[in-house]
Amino acid sequence: MTETISDTNVETWTLRGYEMVVGLEVHVELATRTKLFSASPNRFGDEPNTNIDPVTLGLPGALPVLNRQAVELAMRLGLALNCTVQRSTFARKNYFYPDMPKAYQISQYDEPICIDGWLDLPGSIRVGIERAHLEEDTGKSTHIGGSGGRIHGSDFSLIDFNRAGVPLVEIVSRPDIRTPEQAKAYVSELRAILVAVGASDAKMEEGSMRVDANVSVRLPGADLGTRCEIKNVNSIRSVGRAIDYEAQRQVGMLEAGESIRQETRHWDENDGRTHTLRSKEDADDYRYFQEPDLVVVDPDPEWIERVRAGLPVLPAARRAQLAAATGQPADAEAILVVTDRDQDAYVLTVAEAGGDAARALVHVKEAFAEQGERPAVPAADLARLTRLEVDGKLTATQAKQVLAEIVAAGGGDAEAIAAAKGFEAMDTSELEAMVDAAIDAQPDAWAKFCAGEGKAMGALVGAVMKASKGQADGKAVTALLERRRTA
Amino acid sequence: MSDEFPTSAMDIAWNVRNNVTSAADVLERHLSTIDEREGDIHAFNLVLADEARTRAAEIDEAVSVGRDPGPLAGVPIALKDNMCTRGIPTTCSSKILDGWRPPYDATVVTKLRDAGAVVIGKTNLDEFAMGSSTENSAFGATRNPHDTTRVPGGSSGGSAAAVAAGFAAVSLGSDTGGSIRQPAALCGVVGVKPTYGAVSRYGLVAFASSLDQIGPFAHDVGDAALVLEAISGHDAMDSTSIRQGPLDISRQLMMGVAGLRVGRITDLPEGASPDVAARLEEAFDALRNAGAEIVDVDVPAFGYGLTAYYLIAPAEASSNLARYDGVRFGHRVEAPDTNAMYMATRTDGFGAEVKRRIMLGTYALSAGYYDAYYGRALKVRRRIAADFAAAYEQADVLLTPASPTVAFHLGDKTSDPMSMYLCDTYTIPSNLTGDPGMSVPFGTGDDGLPVGVQVLAPALQEARMFRTAAELERSAPR
């Protein structure tokens, strides 16, 4: 499910004087052909334990070999996030878990590949990126029996190692986020960038994008408060809800004179609360040390520049371009939706073909949800339809009906379809007659309308629409009524 | 074995390639030697008689149709049982790998097969290569063929004993802190630890990844070179493998040492017994007589190698051995929950020395201790490398004892881990630096037991190291 942020103003989240301070850690699976350290396919949804090999299973004697494509995708997304790409190393993060084949995860620790970037959100909010580092995913456990699908108390567990060794990048933001809306916008924008640069399909519902939130609260200007890490946040909507809940919980505790314990908490989608998973005291000592089976990754400047040069135009720039062409604000919902669907280029093509960009934007947003990046409808056909609209030859309602046919047929001549439907542009005298008839039929409504009761207009417009069998242009009817009133 | 029958790898390969001797005959000779003495020695965890016979027949068939099986045609070779062999148990002499059969071959095994060698068996070792006597084996100790009341050294004791006893013409071991060179010295055979990255580690069950390196045991320097040439060279499956072709050694073996600067380390840690020290002096004399220049060099940090090693190696081992958790393969002790299963499996599956090192290493890497132990050890490691680099400005090769003493009796050191660790004093530094080292037999010491002299050289200078060893071999007291 793709959610987008609303176009309402981002308000400052405050609760009884406290502000929230949020940093996000986002894990994304890279869209590589093979795994991070072996030649097994990186593919979601295959039969369990089919995409495995000695390296994936951590068999004795097997050794990791770094996937060049994964490094390049990490560089791509890092550069798209304005990061510096640097000399980097891998470390072992040691802990026991049955779906962790080697009992250590190979991850970048003190020398990550990408550092010091930023992400601009619609509405001129800049969130710093501390780092983006490469690491391998674990396998997937399914706990059978017992309660709640947890390992504790289950009868047995099934492990699928297809996901083990899938390349991940963990993108760590700075604690620059102050509201749930900003957090949602950050995830949404990050997702759009990841998809745009081809680094990941970033599907939260398939787990190829996973969000952990570090939340604390403080009085403005005070030092950072103790933070809690929220896990299991599985949709953009949950990101907002979980952060909101957690910040409220912390404010409540502080106001009750309690102190916040640093801990990892689990977001429960059903009860809308976070619950303690483990406290800092219970945290594993991961005993990080440099991975001796791998060598330093030090991309040379030519490689970095080649990757940078290969970056596509990023979503923010594309939205700005679409906004300029359509005259809409860059964070208007239609701009966000259409750009997210990669249909912005199509709208611009319609404009180039002589169409009206603003009308095209509305139509694409409303009617092209199923069409993908390259809609079947020729741009020229949509251009012609929008021209008929702006020339007053079709009402918005009629245009919608014509468009429906064009979309169903994968194209068509708007003028011919309109003619076949009998949508001749309604002659003004005919419309005026209908308006007069409506006034005559409802003298009370007319009187109220004249007295300035806006609501009374609905009844009059409704009558005209009924008389015209829905073909009258609502705006034209309103204009006529206004003219009659002031006459 | 009769004099006319070939025993060296070089002679065997020449005879088999030229259809003078059959690979099958060579194999049967070795199998019968195994029949005679293996009961006393226990060099092998597994003798692969059937597989070897099939392989020997293939080689003879190839020769009969005019194909060349390769430079090791028909040469019986024993593998330390920490190298993966497809479908054949690979135990590391540990109970924890009970029942595991690797689904793949180590790169060295593939290369040996491509060179025409015949794998005759998997040899005993100290569990996970942790030890210096081959007494830390879940399957019982290996004994020294020169005196079966004594240890063969370790951890590659089975591979050293197999060559010394004539069970195999050559063998492979692995050397993390001296595990090839020390048993070679104690068993009176040649043993080589190549430059780190010269031989692929893919399929070698890891002990300490940044130190482990596979190398050959042989009756003589020439055979060791032949095997090393066959197994070295870049492997895309090992990221630490050096990007270059196989080592080129054999052609330079007879070049002698005239003009070569042979370094004597002035501040070498004490501990060598008088008989070993005497042989080392004779080795310097022999090289001087052959035209080498003997120079004094300082390697001040040499003596800190042992301490740094016993932090770095266990730290890496604690991580490498964490995968033996009973989940996917090997030994498992059932228990009510996962953590209890891990604990029961590992408690039952690992021997005492392995547990000791896992605990040592876990401690050295722990939060709050890392800087004082592991971090400090890495600094010492860099310092040792710098000291050796400076020494190699003045000397082309260095000479030291390979082992402080000749072979000791079984049980002598098992109750005192520190005395066992001291066996590796002279061999450890080259694992820390990644440079090559080899032990070459040079006379005998107390009780007529073999003494080995160690030749050290800078990274990738195996040819120079072998030239020196070949000169020592020619001039060794008989």
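**Student:** I'd like a rundown of the overall build of chain B, residues and numbers included.
**Tutor:** Counting secondary structure elements, chain B contains 15 helices and eleven strands. Relative to a compact globule of 478 residues, whose C-alpha radius of gyration would be 23 Å, chain B shows 21 Å and is just as compact. Principal-axis analysis of the C-alpha atoms places the extent of chain B at approximately 60 × 55 × 45 Å. Scored against the burial criterion, the 478 residues of chain B give a buried share of 62%. Long-range pairs, those at least 24 residues apart, make up 76% of the contacts in chain B between residues at least 6 apart in sequence.

**Student:** Help me get a handle on the overall build of chain A, residues and values and all.
**Tutor:** Scanning chain A from N- to C-terminus turns up 15 helices and 15 strands. Projecting the C-alpha coordinates of chain A onto the three principal axes gives extents of approximately 90 × 55 × 50 Å. Taking the contacts inside chain A whose residues are at least 6 apart along the sequence as the reference set, 69% of them involve residues at least 24 apart.

**Student:** So what's going on with the interface of chain A and chain B? Residues and values would help.
**Tutor:** Between chain A and chain B, the contact holds 26 residues from the first and 32 residues from the second. In terms of residue class, the side of chain A that touches chain B is built from 18 nonpolar, three polar and five charged.

**Student:** Can you break down the pairing of strand β14 (residues 273-279) of chain A residue by residue, with the values?
**Tutor:** Residue and element names in this part refer to chain A. Two elements, strand β13 (residues 263-268) and β14, share six bridges in a ladder whose sense is antiparallel. If you follow Thr 264 over to β14, its bridge partner there is Arg 278. The turn linking β13 back onto β14 is made up of four residues, and Gly 272 within it adopts a positive phi angle of 65°.

**Student:** For the nonpolar core, give the residues involved together with the corresponding values.
**Tutor:** Judged by nonpolar contacts, the single largest core of 234 residues is most densely connected at Ala 74 and Ala 213 of chain A together with Ala 9, Val 75, Ile 77 and Val 118 of chain B. Other than its neighbours up to four places away in sequence, Ala 74 of chain A contacts Ile 113, Cys 114, Ala 132, Leu 134 and Val 169 of chain A. Leu 322, Leu 361, Val 407 and Ile 417 of chain A belong to the second-largest nonpolar core, a separate cluster that totals 32 residues.

**Student:** Pulling in residues and values, what's your account of helix α10 (residues 338-349) of chain B?
**Tutor:** Residue and element names in this part refer to chain B. The end-to-end C-alpha distance of α10 is 16 Å, a good match for the 16 Å that twelve residues give at a rise of 1.5 Å each. Those residues of α10 that sit buried are Tyr 342, Thr 345, Arg 346 and Gly 349. Viewed end-on, α10 has its buried residues packed into an arc of 90°, placing them on one side of the element. Structural note: α10 exposes Ala 340 and Thr 347 on the side pointing more than 90 degrees away from its buried face.

**Student:** Could you give me a rundown of the domain arrangement of chain A, with the residues and numbers involved?
**Tutor:** Assigned domains within chain A: domain 1 (14-309), domain 2 (315-420) and domain 3 (428-486). Between domain 1 of chain A and domain 3 of chain A, the C-alpha centre-to-centre distance is 59 Å.

**Student:** Describe the environment of Gln 69 of chain A, with residues and values.
**Tutor:** All names here are of chain A. With respect to the secondary-structure elements, Gln 69 resides in helix α1 (residues 68-80). For Gln 69, a count of 16 C-beta atoms within 10 Å gives the class partly exposed. In the structure, Gln 69 is positioned 34 residues away from Lys 35 in sequence and 9.7 Å away in space, judged by C-alpha atoms. Sequence-distant contacts of Gln 69, that is, excluding residues within four places in its chain, are made with Thr 32 and Arg 33.

**Student:** Summarise the domain arrangement of chain B; cite the residues concerned and give the values.
**Tutor:** Residues and elements named next belong to chain B. Domain parsing of chain B yields domain 1 (9-250), domain 2 (254-303 + 380-475) and domain 3 (308-371). Contacts between domain 1 and domain 2 engage 39 residues on the former and 37 residues on the latter. Where the side of domain 1 that touches domain 2 is concerned, the elements lending two or more residues are α6 (181-187), β5 (190-193) and α7 (221-231). Of the residues belonging to the side of domain 1 that touches domain 2, the class tally is 17 nonpolar, 14 polar and eight charged.

**Student:** Explain unusual backbone geometry residue by residue, including any values.
**Tutor:** Cis rather than trans, the peptide bond between Gly 154 of chain B and Ser 155 of chain B has omega equal to 10°. Tracing the sequence through the fold places Ser 155 of chain B in the loop between β3 (118-123) and α5 (157-164). A positive phi angle, near 50°, is found at Ala 202 of chain A, a position not held by glycine. Within the secondary structure layout, Ala 202 of chain A lies in the loop between α2 (180-196) and β11 (209-218). In this structure Ala 202 of chain A comes out as buried when scored by C-beta crowding, with 20 C-beta atoms within 10 Å. Of note in this structure, Phe 128 of chain B is not a glycine but carries a positive phi near 55°. Among the structural elements, Phe 128 of chain B can be located in the loop between β3 and α5.

**Student:** Give a description of helix α4 (residues 107-114) of chain B that names residues and reports values.
**Tutor:** Residue and element names in this part refer to chain B. Within α4, burial applies to Thr 107, Val 108, Val 109, Lys 111 and Leu 112. Of the surrounding secondary structure, the elements contacted by the buried residues of α4 are β2 (76-80), β3, β4 (170-174), β6 (214-218) and α7. Gly 116 sits one or two positions beyond α4 and adopts a positive phi of about 95°.

**Student:** Lay out the environment of Gln 290 of chain A in plain terms, naming residues and giving numbers.
**Tutor:** Residue and element names in this part refer to chain A. Residue position: Gln 290 is located in strand β15 (residues 289-290). The exposure class of Gln 290 is partly exposed, given the 15 C-beta atoms found within 10 Å. Placed 199 residues apart in sequence, Gln 290 and Ala 91 show a C-alpha to C-alpha distance of 4.1 Å. What Gln 290 contacts, discounting residues up to four positions off in sequence, is Thr 89 and Ala 91.

**Student:** Could you give me a rundown of the sheet that holds β6 of chain B, with the residues and numbers involved?
**Tutor:** Residue and element names in this part refer to chain B. Here eleven strands make up an open sheet; going across it, the order is β1-β3-β2-β4-β6-β5-β10-β11-β9-β7-β8 and the pairing mixed. Strands at the two margins of the open sheet, each flanked by one partner only, are β1 (44-47) and β8 (293-297). Ignoring which end each strand starts from, the neighbouring axes of this sheet average 30° apart. Bridge count for strand β10 (residues 437-444) against strand β11 (residues 450-456) is six bridges, and the pairing is antiparallel.

**Student:** So what's going on with the packing of α2 of chain A against helix α3 (residues 236-255) of chain A? Residues and values would help.
**Tutor:** Residues and elements named next belong to chain A. Where α2 contacts α3, the two axes come as close as 8 Å, and the packing angle between them is 150°. Comparing the axis directions of α2 and α3 gives the class roughly antiparallel. Of the two elements, α2 crosses α3, and the hand of that crossing is right-handed. For the pair α2 and α3, the contacting residues are Pro 180, Glu 181, Ala 183, Lys 184, Val 187 and Ser 188 in the first and Ile 236, Val 239, Gly 240, Ile 243 and Asp 244 in the second. Class assignment of the residues belonging to the contact of α2 with α3 gives a composition of six nonpolar, two polar and three charged.

**Student:** Let's hear about the packing of helix α5 (residues 315-326) of chain A against helix α7 (residues 344-352) of chain A: which residues, and what values?
**Tutor:** Residue and element names in this part refer to chain A. Taken N-terminus to C-terminus, the directions of α5 and α7 make an angle of 30°; their axes are 10 Å apart at the nearest point. Here α7 runs roughly parallel to α5, going by the angle between their axes. Classified by chirality, the crossing of α7 by α5 is left-handed. Within the contact between the two elements, α5 uses Arg 318, Leu 322 and Ala 325 and α7 uses Asp 344, Val 347, Leu 348 and Ala 351. The class makeup of the residues in the contact of α5 with α7 is five nonpolar, no polar and two charged.

**Student:** I'd love a proper account of the confidence of the model for chain A, names of residues and values included.
**Tutor:** Residues with a pLDDT of 70 or more make up 96% of chain A, whose mean pLDDT is 91. Throughout residues 1-10 of chain A the model reports pLDDT below 50, and contacts reaching past four residues in sequence, or to other chains, amount to 23 contacts.

So, how was this worked out
- Residues numbered from 1 in each chain as written.
- Chains lettered and ligands numbered in written order.
- Predicted model: local features only at pLDDT ≥ 70, side-chain atom pairs only at ≥ 80, totals over all residues.
- Helix = DSSP H or I, 4+ residues; strand = E, 2+ residues; numbered from the N terminus.
- Rg over C-alpha atoms; globule rule 2.2 N^0.38 Å.
- Buried ≥ 20, exposed ≤ 12 C-beta atoms within 10 Å, placed from the backbone.
- Contact = placed C-beta atoms within 7 Å.
- Nonpolar A, V, L, I, M, F, W, Y, C, P; charged D, E, K, R; others polar.
- Pairing = 2+ DSSP bridges.
- Core = buried A, V, L, I, M, F, W, Y, C linked by C-beta atoms within 7 Å.
- Expected span 1.5 Å × (residues − 1).
- Arc of directions from axis to C-beta.
- Domains from an automatic or database assignment.
- Axes fitted to C-alpha atoms, helices over the stretch in contact; angles between N-to-C directions.
- Parallel < 35°, antiparallel > 145°, perpendicular 65-115°, else oblique.
- Left-handed = near helix turned anticlockwise from the far one by under 90°.
- pLDDT = per-residue confidence, 0-100.

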